[in-house]
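Secondary and tertiary structure notes
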Amino acid sequence: MLHNAGKTMEYLRASDQDGKTEQFSDKKLVWIVSKETGFESAAVIQDKGEDLVVSKTSNNEELTVKKEDTQQMNPPKFEKLEDMANLTYLNEASVLHNLRQRYYSSMIYTYSGIFCVAINPYARLPIYTKEVINSYRGKRRTEMPPHIFTVADEAYQQMIQQRENQSILITGESGAGKTENTKKVIQYFAAVCGVDQVKSDDGANKAGLDQQLVRCNPVLEAFGNAKTVKNDNSSRFGKFVRIHFGGTGKIHSADIERYLLEKARVTYQNPDERSFHIFYQMIKGMSADERGTCLLSDKPSEYVLLSNGDMIVDSINDVEQFQETKQCMDILNFSKDVQMQIFKFAAGILNLGNTITSLKQNKRDENCTIENTTWIERASHLFGLNTMDVTKALVKPRIKVGSEYVHKGQNADQVKNSIKALCKSIFEKLFKLVLDMCNETLETKLRRNFFIGVLDIAGFEIFDFNSFEQLCINLTNEKIQQFFNHHMFTLEQEEYRKEGIKWDFIDFGLDLEPTIELIERNMGVFAVMDEECIMPKATDQTFLTKLINAHNGKHPKFLKPSAKSAMGTNPVHFQIIHYAGSVGYNVDGWLDKNKDPLNENVVELFVKSKDPVFSKLFEAPEVASTGRGRKKGGSFQTVAMIHKQAVEHLLTTLQSTTPHFIR
């Protein structure tokens, strides 16, 4: 148990008297539907066969409801139950009530059979201390109150005893607390399985691999997280952290794979949202000298790419977080010079973005010019490029006509789109550089016996405006949910078989198959979009028309929106019925996002940059699990293809492990 834990126990376990000693009412109590709270309790006054006359316990209001719309209520002894699988009546209302009552008492973890439910408290609770970690170490689930540390320890013990790889899947909607819980799992492994500290040459304590693993989070959050309408620190990328262990159970190395960075956020943010944290951290947290080196202002509102200006977020201190980012980079062996190069590249993106404000369309022809060259000069300097060369490549790129090359003038919109695409590409490659450097630090020569993988992906998203990124995120969540369903119900039905219960096997994962097929199979959304990407005169509208003709009225998960929905502030072009609800998608810009085109003239200049680090970012296109590029033979790979392959690779990895679920 937790020794000398003080008030910690109040956040983990209900007292014996906590609502459990109430006398069960003489009247029969049931749950009825409530518009305000989902369900509320009511006493049955009269049974009329198919109907019930009930009295609400909150205000004694009498009403008649259909019996099939009510749900049975558990006795008071089941109040704030730690494992909901033990409820006498396991229905939606009872599950919601149990979770709600525990949450009101700040008990955020609850079991439901083999998985753990975690509810975001939006507060710092004293339940992750070193003492709490030691209390959960090596304990069985029944010995301790529900906690994410129990899930982590179970995975670790099973890996040691069964000699098999494990995975911990942390899933939920955006803002549910996935990233924070991922950090707690990694914190647990670092504390329990870390290696002893070593001394550096000057006699000071040197950060061990376990601490370096923990310190990757603030760095990756700086470059990969942002404020959204639902979450001040939302992960805009998915990651799978593999922690490799040696034969003695100590951490020997680690690596991090990432999925679908939402790079579109670099050039546009919805109202009440911010771009990636690193931009604000630099602008507000750098010293005057550092800002001078990076040619940065101290005002976010001066940069067109930070479309909502200097948005103040109460829960974020950009100055402090920038210092933390730099300290973590130190621990991860990023040299001061490399750190400054990374910051210069990020600053270069902001300066390049401001070039958009200097574009002037010529009245006599389709060409444009860059009137104020300040921003393009700054960006070129930060990237190690010649300003005149970059300017020419943007406004008059060299293109091939027949067997010859000619310079073709671009209009202002074309140059604007080209600049935005370059900004997104530079940031994506910068993020990859940061991640690769983290992985390089976490790599060791030590033997790898087994691993525990921790999955933290962007949660299911239903916003007012849903684009291509949301579709990719929601497809990933759909497939993870399918994996969860298949695993959970396969285990349950295996128990039926052992107990001799006659049962026809049902694959509950197939319930999600129609939605998955609609998105990624033949004539699905991805296939139609990929086909349009190779058609010379295709547009977003021709893509939408083909999609509606192929599926409207023919596929049970596809809906064509009403005329009113298609005309609003955030027009909906088509809807897909996902497991978590119906989502309306807007297809504006999808073909360009899927093709991910770049100005090849500028990319050629990037490769020849005087800055060797920047040059290396653009050396050669490569087909990786998370990058863009070409297949062997030269056929172009779209973003949809690459994302589909990455998710398939992830699921293959997960299927080779023993999974543990945190919801």
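Residues numbered from 1 in each chain as written. Predicted model: local features only at pLDDT ≥ 70, side-chain atom pairs only at ≥ 80, totals over all residues. Heavy atoms only, no water.

On to the sheet that holds strand β4 (residues 62-66), then. What the five strands build is an open sheet, ordered β4-β3-β2-β1-β5; its pairing is antiparallel. Each having just a single partner strand, β4 and β5 (71-72) make up the two edges of the open sheet. Summarising the sheet, strand β1 (residues 29-34) and strand β2 (residues 38-48) pair through six bridges and their orientation is antiparallel. Residue Trp 31 lies in a different strand from β2, and its bridge partner there is Ser 41. The sheet strands contacting helix α1 (residues 92-104) are β1, β2 and β5, and the helix crosses β2 at an angle near 135°. (Pairing = 2+ DSSP bridges. Helix = DSSP H or I, 4+ residues; strand = E, 2+ residues; numbered from the N terminus. Contact = heavy atoms within 4.5 Å. Axes fitted to C-alpha atoms, helices over the stretch in contact; angles between N-to-C directions.)

This paragraph deals with the nonpolar core. Within the largest apolar cluster, 111 residues are counted, with the highest numbers of intra-cluster contacts made by Phe 189, Phe 223, Phe 279, Ile 342 and Phe 343. Among the elements that line this core, the one with the most residues is helix α12 (residues 412-442), at 16 residues. Among all residues touching Phe 223, those that are not within four sequence positions of it are Phe 276, Ile 278, Met 329, Ile 342, Phe 343, Phe 427, Leu 430, Phe 431 and Val 434. Counting 28 residues, the second-largest nonpolar core is a separate cluster that includes Phe 460, Phe 526, Cys 533 and Leu 547. (Core = buried A, V, L, I, M, F, W, Y, C linked by side-chain atoms within 4.5 Å. Buried < 20%, exposed > 50% of the residue type's maximum accessible area, 1.4 Å probe, protein only.)

What follows covers helix α11 (residues 387-395). Considered for burial, the residues of α11 that qualify are Val 390, Thr 391, Ala 393, Leu 394 and Val 395. The elements touched by buried residues of α11 are β16 (368-370), α10 (374-383), α12 and α18 (600-607). Two or three places before Met 388, at the opening of α11, Asn 386 has a side-chain oxygen 3.0 Å from that residue's backbone nitrogen. (Polar contact = N/O pair within 3.5 Å; in protein donor to acceptor, adjacent residues only side chain to side chain.)

Between helix α15 (residues 525-533) and helix α16 (residues 540-551), the least distance of the axes is 10 Å, while the angle of their chain directions is 140°. Judged by the angle between their axes, α15 and α16 are oblique. Where α15 crosses over α16, the handedness of that crossing is right-handed. Note on element contacts: α16 touches α15 through Thr 542, Phe 543, Lys 546 and Leu 547, opposite Val 525, Val 528, Met 529, Glu 531 and Glu 532. (Parallel < 35°, antiparallel > 145°, perpendicular 65-115°, else oblique. Left-handed = near helix turned anticlockwise from the far one by under 90°.)

Here the focus is the pattern of salt bridges. Scanning the model with the defined rule gives 34 salt bridges in all. Between Glu 221 and Lys 183 there is a salt bridge, and its shortest N-O distance comes to 2.9 Å. Taken together, the positions of Glu 221 in helix α5 (residues 209-224) and Lys 183 in helix α4 (residues 178-193) put the pair 38 residues apart, joining distant regions of the chain. Given the relative accessible area of 11%, Glu 221 is considered buried. Lys 263 serves as the salt-bridge partner of Glu 428, at 3.0 Å between the closest nitrogen and oxygen. Placement of the pair is Glu 428 in helix α12 and Lys 263 in the loop between β14 (251-259) and α6 (277-285), with a sequence separation of 165 residues. With relative accessibility at 12%, the residue Glu 428 sits in the buried group. Among the charged side chains, a network of salt bridges with common partners joins Arg 236, Glu 262, Arg 265, Glu 273 and Glu 461. (Salt bridge = Lys/Arg side-chain N within 4 Å of Asp/Glu carboxyl O.)

With that settled, the discussion passes to unusual backbone geometry. Trans peptide bonds make up most of the peptide bonds, and negative phi angles are found at most residues other than glycine. Positive phi, normally seen in glycine, also occurs at Leu 260, with a value near 50°. Here Leu 260 shows up in the loop between β14 and α6. Although it is not a glycine, Asp 272 sits at a positive phi angle of roughly 70°.

Right, let's talk about the side chain of Asp 210 for a bit. Its place among the elements puts Asp 210 in helix α5. Not counting residues up to four positions away in its chain, the partners in contact with Asp 210 are Ala 190, Gly 194, Val 195 and Ile 251.

Applying the stated rule across the entire model yields 28 aromatic pairs. Residues Tyr 188 and Phe 189 carry aromatic rings whose centres are separated by 6.3 Å and whose planes lie at 70° to one another, so their mutual orientation is edge-to-face. Residue classification places Tyr 188 among the buried positions, given a relative accessible area of 0%. By relative accessible area, Phe 189 is classed as buried at 0%. Among the aromatic residues, those joined into a ring-pair cluster are Tyr 128, Tyr 136, Phe 149, Tyr 156, Tyr 188, Phe 189 and Phe 245. The ring of Phe 618 has Lys 429 sitting right over it, with the charged end atom 5.3 Å from the ring centre. (Phe/Tyr/Trp six-rings, centres within 6.5 Å; stacked < 30°, edge-to-face > 60°. Lys NZ or Arg CZ within 6 Å of the ring centre and 35° of its normal.)

Glancing now at the sheet that holds strand β20 (residues 558-559). Across the sheet, which stays open at both edges, the three strands sit in the order β20-β21-β22 with antiparallel pairing between neighbours. The open sheet has two edge strands with one neighbour each: β20 and β22 (581-585). Relative to β22, strand β21 (residues 574-578) is paired through five bridges, and the arrangement is antiparallel. Across the sheet, the residue bridging to Gln 575 is Gly 584, located in β22. On the sheet, helix α14 (residues 513-520) packs against β20 and β21 and is oriented at approximately 145° with respect to β21.

The next point concerns α6. What sets the pattern is the α-helix's 3.6 residues per turn: residues three or four places apart point alike. α6 sits mainly inside the fold: eight of its nine residues count as buried. Residues of α6 that are buried: His 277, Ile 278, Phe 279, Tyr 280, Gln 281, Met 282, Ile 283 and Gly 285.

Another aspect to go through is the packing of helix α9 (residues 336-354) against α12. α12 packs onto α9 with a crossing angle of 165° between their chain directions and a minimal axis gap of 9 Å. Relative to α12, α9 is oriented roughly antiparallel. As for the relative orientation of α9 and α12, their crossing is left-handed in sense. Here Val 338, Ile 342, Phe 345, Ala 346, Ile 349, Leu 352 and Gly 353 of α9 lie close against α12, whose contacting residues are Ile 419, Leu 422, Cys 423, Ile 426, Phe 427, Leu 430, Leu 433, Val 434 and Met 437. Tallied by class, the residues present in the contact of α9 with α12 amount to 15 nonpolar, one polar and no charged. (Nonpolar A, V, L, I, M, F, W, Y, C, P; charged D, E, K, R; others polar.)

Attention now goes to the confidence of the model for the chain. Confidence in the prediction of the chain, expressed as mean pLDDT, is 90, and 92% of residues score 70 or more. A low-confidence stretch, residues 622-634 stays under pLDDT 50, and its non-local contacts, those more than four residues away or across chains, total 32 contacts. (pLDDT = per-residue confidence, 0-100.)

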